[in-house]
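Each chain is listed here by its residues.
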Amino acid sequence: SIAELNQEVAQPLTVSSGVLQMLCSGQAGPLTEEQRELLKMASESIGQVGQLLDYMKSLSGLPADLKPDRTILDAAYRQRPRPV
């Protein structure tokens, strides 16, 4: 169904977006300008896919507040200790 497809695409998209935000913020270490630009391009592409998902939801009549499962998000965003 469209709801299942939307959910299956939204979950990894949300995780990818969060990882990109963490990288852009420097949590994984300093970035070169070239790396920062590549991450910006990736973030913009993920944003476009997110907009397509929102459009697909609106066309299918799914609720606009449909979000990925909280358990998956919590596991994906759990920060791991940095090596010393």
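A brief structural summary.

Calculation rules
- Residues numbered from 1 in each chain as written.
- Predicted model: local features only at pLDDT ≥ 70, side-chain atom pairs only at ≥ 80, totals over all residues.
- Heavy atoms only, no water.
- Salt bridge = Lys/Arg side-chain N within 4 Å of Asp/Glu carboxyl O.
- Helix = DSSP H or I, 4+ residues; strand = E, 2+ residues; numbered from the N terminus.
- Axes fitted to C-alpha atoms, helices over the stretch in contact; angles between N-to-C directions.
- Parallel < 35°, antiparallel > 145°, perpendicular 65-115°, else oblique.
- Left-handed = near helix turned anticlockwise from the far one by under 90°.
- Contact = heavy atoms within 4.5 Å.
- Nonpolar A, V, L, I, M, F, W, Y, C, P; charged D, E, K, R; others polar.

1. Quick notes on the pattern of salt bridges
Taken as a whole, this structure holds 1 salt bridge when the rule is applied. Asp54 is the salt-bridge partner of Lys57, the closest N and O atoms lying 3.7 Å from each other. Taken together, the positions of Lys57 and Asp54, both in helix α2 (residues 33–60) and 3 residues apart, correspond to about one turn of that helix.

2. Quick word on the packing of helix α1 (residues 2–24) against α2
At a closest axis distance of 10 Å, the pairing of α1 and α2 adopts a crossing angle of 155°. Accordingly, the angle class assigned to the pair α1 and α2 is roughly antiparallel. Classified by chirality, the crossing of α2 by α1 is left-handed. Taken together, the residues of α2 that come into contact with α1 (itself represented by Ile2, Leu5, Asn6, Val9, Ala10, Leu13, Ser16, Ser17, Leu20, Leu23 and Cys24) are Arg36, Leu39, Ala42, Ser43, Ile46, Val49, Gly50, Leu53, Met56, Lys57 and Ser60. Split by residue class, the contact of α1 with α2 holds 14 nonpolar, 6 polar and 2 charged.

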